[in-house]
Number of protein chains: 2
Amino acid sequence: MENEILELIEEKKYTKLRSMLSEMNPADIAQILEEAPKKELPVIFRILQKELAAEVFSYLESDMQQVLIEAFSDAELREVLDELFMDDAVDIIDEMPASVAKRILKQTDAETRKMINKLLAYPDDSAGSIMTTEYIDLKKNMTVSDAFERIRKIGTDTETIYTCYVTDRSRRLIGIVTVKDLLLNSQDTVIDDIMEENIIFANTLDDKEEVAGQFEKYDLMALPVVDKENRLVGIITVDDAIDVIQEEATEDIDKMAAILPSDKTYFKTSVFSTFKARIPWLMLLMLSATFTGAIISSFEEKLTALPALIAFIPMLMGTAGNSGSQSSVTIIRGLSLGDIEFADFFKVLWKELRVALMCSITLAAVNFIKLLLVDHMLLSSFDSKWLIEISVVCLTLAFTVIVSKLFGSALPIVAKKIGFDPAVMASPFITTIVDAISLMIYFGVAMWLL
Amino acid sequence: MENEILELIEEKKYTKLRSMLSEMNPADIAQILEEAPKKELPVIFRILQKELAAEVFSYLESDMQQVLIEAFSDAELREVLDELFMDDAVDIIDEMPASVAKRILKQTDAETRKMINKLLAYPDDSAGSIMTTEYIDLKKNMTVSDAFERIRKIGTDTETIYTCYVTDRSRRLIGIVTVKDLLLNSQDTVIDDIMEENIIFANTLDDKEEVAGQFEKYDLMALPVVDKENRLVGIITVDDAIDVIQEEATEDIDKMAAILPSDKTYFKTSVFSTFKARIPWLMLLMLSATFTGAIISSFEEKLTALPALIAFIPMLMGTAGNSGSQSSVTIIRGLSLGDIEFADFFKVLWKELRVALMCSITLAAVNFIKLLLVDHMLLSSFDSKWLIEISVVCLTLAFTVIVSKLFGSALPIVAKKIGFDPAVMASPFITTIVDAISLMIYFGVAMWLL
């Protein structure tokens, strides 16, 4: 299908192309156009039916949108803008270079421009930044039949009609009513009698990740957003909440892997941007390994006398790192999903301590047997002090697993409490701390036993 | 608020409690009840209004649900079951011990039982396992007013009324029509004329993660599910898709951190279950470090002659591991989100190679300066061969960063292609491979230059 369309584009068979595309879903068309040569875009776009074209436009990535906007006449640009929902228009303008954004704003009427500028001013991570200002508003003294009339009048231009918002004279939100309620009640029922007054809502400056969490918790389709005076200023629809959920998960994953998060997809990020997102943490972690190096150096003389112990450094540091990041990653995800809060600090530590003890004993025991059977008897890695050396390795392992798990679970919670990002405290950062600690434990135990 | 309610429970002030709870959202009530003593649950539950009680029930975690079911009389159980949507009922039964599940099924009528058993039979990760069988079905020769009549008749018992499904005589799905379409057309319009025939649908056995991805891609509210003969068997609603998206992200994060995924929240997982989820990978990775140990052992003699080089092992292995997991985690997430496919294999490698070269040169250069200024001039860590030793470290660093990034990006794609889980190939597993490779490069370069 995709190849067939790309072929039609290449062969400039526009009539056939038009009839094929008109049967397709706008999201699919956008996906295929991402693969098409950029210079063909404006032509293809012009053969699409107006409404479909605008929908396809809203699904395109911003670099493609820019190509199109630059090719559009002012009239064409205005047509597309008219069809777009307010939140999509704002997203697009937000991504464009200043000159293109300015040209877009010039094509909108004064009122729309004022609204767009207001929406653009909300911080990037706020509820205001993902809301749309087009919704169905009702008054409480309307009847069901009045409500349907209003929906029929303004419904074509709103993203969702299924939840309607009841406001008072000063635009304060006083209730919500769903189309389901409207349909299941008689035409002359007054809205006041059927509206739900116990409303779940967000404030414009609420964190958008938390707002997206509300959709999950309450199974919402749309969520009203109010300003400081409790006036209804917009709504967030579930499709935008899903995008936030996916973005935030990707962001957390990136941070856990020591990458600066980006909001573009893999192939849309340039090689240099990818490099810039990866190099800071790589460099920081490389330089911070100076500590582990220094610890090893300071024990250098003793180590050369006990060469068998060197071989276990990677195993000890690796296991400590894995133990710590298992805990930190679990806690970070729990914090993100709202399952864990600061109040749970000691509950978490107590649980992690017990898990750590079980892991610690199991690993030390298995390692003891393995060292005895494989390293000592099979490979003869140890000298005459073999039993002590094995004990040093296993004791160190037992201690570091416990310490790593406690550090790994405590750090993200503390980080969040003092306003840092818990995800940044994940694997790589904890690994560095845990590496140093495990080395110190190792040499400490070795000095003590040998 | 939460504490106030818990106090009321403790003081058994049921009248006050009832009036407070009746104003609240069922999801919030469920959350508070999770904190209440289990033995109080049945009493609190009985003071709730019937419909609210059933809703609260569907939001509770399965251990709480079990407590309630065991306290219910058969009549009470039947009442709750009557209020539940089919997909929630199936989820609950799926989580219960066999005896409880059997008792629940006994309280349902023969037809419902048959349906539940059918739904229970769908594999855990399939679209069938998350669908509900209650939806609005229409016939194409109905008028808009017929459609509204049908919605009013069966709408109270369906999870969503806003998308209606048009089926033919053999229940094959032939179109969809939204309530918005119905409202914006006149009462005597025939459904056939306004229904959308280009339908996005899933098959019962489709992977539920991919199906959830469709919601994101097409901004859907609900998605019809058909069987092999294209007959409509159920629908998936967006709230269930969001749950799948969150679960899958958590699962990927768990796997990346070397944890076996669990479908319970942190505190709902017992200490022993947490231990069981974490120990297998910890042990496997600990044992696989035998390789790195063996590599170090085999170079032991040479190492004791060059003690300065030992101190850089953690830094080299750490940087290699971080470089590799940056790439693997990015690729795994891209695969999950559908941004990257197997066809992109060489495109990915080419991009990663360029990013790797930039990282590699930058890190080696910075490290060279740092070794020269700090380790050599400040700490005098090196002996007379300092320039060669520094070169060995920096050259190794440069090579391992490139090799790690290529491995880290290639492995997940290959894993997915041959049917393995790419997330399992992430950080920990790749770290082990990359650890061994970086050591071999280190000693190789050292032997060559020294």
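Our subject is the structure that appears above.
Residues numbered from 1 in each chain as written. Chains lettered and ligands numbered in written order. Predicted model: local features only at pLDDT ≥ 70, side-chain atom pairs only at ≥ 80, totals over all residues. Heavy atoms only, no water.

**Regarding the layout of surface pockets**
Within this model, the second largest pocket holds a volume of roughly 190 Å³. D375(A), S381(A), G293(B), A294(B) and S297(B) are, among the 13 residues lining the second largest pocket, the residues nearest its centre. Of all elements in the fold, only α21 (345-378) of chain A together with α17 (290-298) of chain B reach the threshold of two or more residues within the lining of the second largest pocket. No other element matches the four residues that α17(B) contributes to the lining of the second largest pocket. Split by residue class, the lining of the second largest pocket holds six nonpolar, four polar and three charged. (1 Å grid on protein atoms, 1.4 Å probe; cavity = no way out; pocket = protein on both sides within 12 Å on 5 of 7 lines; lining within 4 Å. Points joined across faces, edges and corners; volume = space filled by probe spheres on them. Helix = DSSP H or I, 4+ residues; strand = E, 2+ residues; numbered from the N terminus. Nonpolar A, V, L, I, M, F, W, Y, C, P; charged D, E, K, R; others polar.)

**Considerations on the pairing of strand β5 (residues 222-226) of chain B**
Residue and element names in this part refer to chain B. Of all the five residues making up β5, five are buried; the element is thus mostly covered by neighbouring parts of the structure. Covered by surrounding structure in β5 are A222, P224 and V226 together with L223 and V225, the residues of both alternating faces. One ladder, built from two bridges, connects strand β4 (residues 202-203) with β5; its direction is parallel. In the sheet register, A202 faces β5, and the bridge partner there is V225. Here β5 folds back onto strand β6 (residues 232-237), and the loop between the two strands holds five residues, one of which, N230, carries a positive phi near 70°. (Buried < 20%, exposed > 50% of the residue type's maximum accessible area, 1.4 Å probe, protein only. Pairing = 2+ DSSP bridges.)

**Digging into the sheet that holds strand β2 (residues 163-167) of chain A**
All names here are of chain A. Read across the open sheet, the three strands follow the order β1-β2-β3; overall the sheet is mixed. With partners counted over all chains shown, the strands left at the sheet margins are β1 (137-138) and β3 (173-178), one partner each. Of the pairings in the sheet, the one linking β1 to β2 comprises two bridges and is parallel in character. Within the sheet, the bridge partner assigned to D137 lies in β2 and is Y165.

**Structural notes on the sheet that holds β6(B)**
Spatial strand order, β4-β5-β6 (chain B): three strands in an open sheet with mixed pairing. A strand with exactly one partner marks an edge of an open sheet, and here the two such strands are β4 and β6 of chain B.

**Side note on the packing of aromatic side chains**
The tally for this structure, following the rule as stated, stands at 21 aromatic pairs over all chains. Where F299(B) meets F443(B), the ring centres are 4.4 Å apart and the plane angle is 20°; that geometry is what we call stacked. Of this pair, F299(B) sits in the loop between α17 and α18 (300-305) while F443(B) sits in helix α23 (residues 427-449); the two residues are 144 residues apart in sequence, bridging distant segments of the chain. Side by side, F299(B) and F443(B) carry an identical accessibility label, which is buried. Among the aromatic residues, those joined into a cluster by ring pairs are F45(A), F57(A) and F72(A). Over the ring of Y266(B) we find K351(A), and its NZ or CZ is 4.5 Å from the ring centre. Over the ring of F267(A) we find K347(B); its NZ or CZ atom is 4.2 Å from the centre of that ring. (Phe/Tyr/Trp six-rings, centres within 6.5 Å; stacked < 30°, edge-to-face > 60°. Lys NZ or Arg CZ within 6 Å of the ring centre and 35° of its normal.)

**Looking at helix α5 (residues 50-59) of chain B**
Turning to α5(B), its buried residues are L52(B), A53(B), A54(B), V56(B) and F57(B). On its buried face, α5(B) is in contact with α2 (14-22), α3 (26-33), α4 (41-47), α6 (62-71), α7 (74-83) and α8 (86-95) of chain B. (Contact = heavy atoms within 4.5 Å.)

**Some words on the relation of the copies chain A and chain B**
Each copy of the chain is related to the other by a rotation around an axis and a translation along that axis. Its rotation angle being 180°, the transformation that places chain A on chain B also includes 0.0 Å of axial translation and leaves an RMSD of 0.1 Å. Expressed as an axis order, the relation between the two copies is that of a two-fold axis. Of the C-alpha atoms belonging to chain A, the one lying closest to the rotation axis is found on T304(A), 2.8 Å away. Both copies share a contact surface, since 100% of the interface residues of chain A are interface residues in chain B too. (Least-squares fit on C-alpha atoms with pLDDT ≥ 70 in both.)

**What to know about the nonpolar core**
Membership of the largest hydrophobic core comes to 126 residues, with the highest contact counts inside it found for F57(A), F215(A), F57(B) and F215(B). Excluding residues within four positions of it along the chain, F215(A) makes contact with L220(A), M221(A), A222(A), L223(A), I236(A), T237(A), V238(A), A241(A) and I242(B). Counting residues in each nonpolar core, the second largest holds 79 residues, with F275(A), M315(A), A311(B) and I441(B) among its members. (Core = buried A, V, L, I, M, F, W, Y, C linked by side-chain atoms within 4.5 Å.)

**Things to note about the pattern of salt bridges**
The final tally for this structure, using the stated rule, is 34 salt bridges over all chains. One salt bridge connects R150(A) with D137(A), and the closest N-O pair in it is separated by 2.7 Å. Here D137(A) lies in strand β1 and R150(A) lies in helix α11 (residues 144-154), a separation of 13 residues in the sequence. Judged by relative accessible area, R150(A) falls into the partly exposed class, the value being 23%. The shortest N-O distance in the salt bridge between E352(B) and R278(A) comes to 2.8 Å. Placement of the pair is E352(B) in helix α21 (residues 345-378) and R278(A) in helix α16 (residues 271-288), with the two residues belonging to separate chains. Of the two residues examined, E352(B) and R278(A), each falls in the buried class. (Salt bridge = Lys/Arg side-chain N within 4 Å of Asp/Glu carboxyl O.)

**Quick word on the interface of chain A and chain B**
Interface extent is often summarised as the accessible area lost during association of the parts. Facing 104 residues of chain A, the contacting portion of chain B comprises 104 residues. A buried area of about 10000 Å², summed over both sides, lies between chain A and chain B, and 68% of it is on carbon and sulfur atoms. Ranking the residues of chain A by area buried against chain B places Y266(A), F267(A) and M286(A) at the top, with a combined share of 8%. Where chain A meets chain B, there are four salt bridges. (Buried area = accessible area lost by both parts, 1.4 Å probe.)

**What about unusual backbone geometry?**
One non-glycine residue with positive phi stands out, namely A258(A), at about 65°. The exposure class of A258(A) is buried, given its relative accessible area of 2%. Here the phi dihedral of D219(B) falls at roughly 50°; this positive angle occurs in a residue that is not glycine. Mapping D219(B) onto the fold places it in the loop between α14 (208-218) and β5.

**A word on the pairing of strand β5 (residues 222-226) of chain A**
Note: β5(A) against strand β6 (residues 232-237) of chain A, five bridges, orientation antiparallel. Within β6(A), the position partnered with V225(A) by the bridge is G234(A).

**Looking at the environment of I433(B)**
Residue and element names in this part refer to chain B. Position of I433 among the secondary structure elements: in helix α23. By relative accessible area, I433 is classed as partly exposed at 26%. Sequence separation of I433 and F407 is 26 residues, and the distance between their C-alpha atoms is 8.8 Å. Sequence-distant contacts of I433, that is, excluding residues within four places in its chain, are made with F407 and L411.

**Re helix α20 (residues 313-337) of chain A**
The terminal C-alpha atoms of α20(A) lie 36 Å apart, and with 25 residues this matches the ideal 36 Å at 1.5 Å per residue to within 8%. Taking burial as the measure, the 25 residues of α20(A) include 22 buried ones, the bulk of the element. (Expected span 1.5 Å × (residues − 1).)

**Digging into the packing of α21(A) against helix α16 (residues 271-288) of chain B**
In contact at an axis separation of 9 Å, α21(A) and α16(B) are set at 35° when each is read in the N-to-C sense. Handedness of the α21(A)/α16(B) crossing: right-handed. On α16(B), the residues touching K351(A), E352(A), R354(A), V355(A), M358(A), C359(A), T362(A), L363(A), V366(A), N367(A) and K370(A) of α21(A) are V271(B), F272(B), T274(B), F275(B), R278(B), I279(B), L282(B), M283(B), M286(B) and L287(B). Class assignment for the residues of the contact of α21(A) with α16(B) results in 13 nonpolar, three polar and five charged. (Axes fitted to C-alpha atoms, helices over the stretch in contact; angles between N-to-C directions. Left-handed = near helix turned anticlockwise from the far one by under 90°.)

**As for empty space enclosed by the protein**
Any space left empty among the atoms is revealed by the rolling of a water-sized probe across them. Across all of its chains, the model carries four cavities of 30 Å³ or more by this definition. By volume, the largest cavity amounts to about 790 Å³. Together, 49 residues line the largest cavity, and N322(A), T431(A), G321(B), N322(B) and T431(B) are the ones closest to its centre. At the level of elements, α15 (238-256), α16, α20 and α23 (427-449) of chain A together with α15 (238-256), α16, α20 (313-337) and α23 of chain B are the ones that each hand at least two residues to the lining of the largest cavity. Taken together, the residues of the lining of the largest cavity sort by class into 27 nonpolar, 20 polar and two charged.

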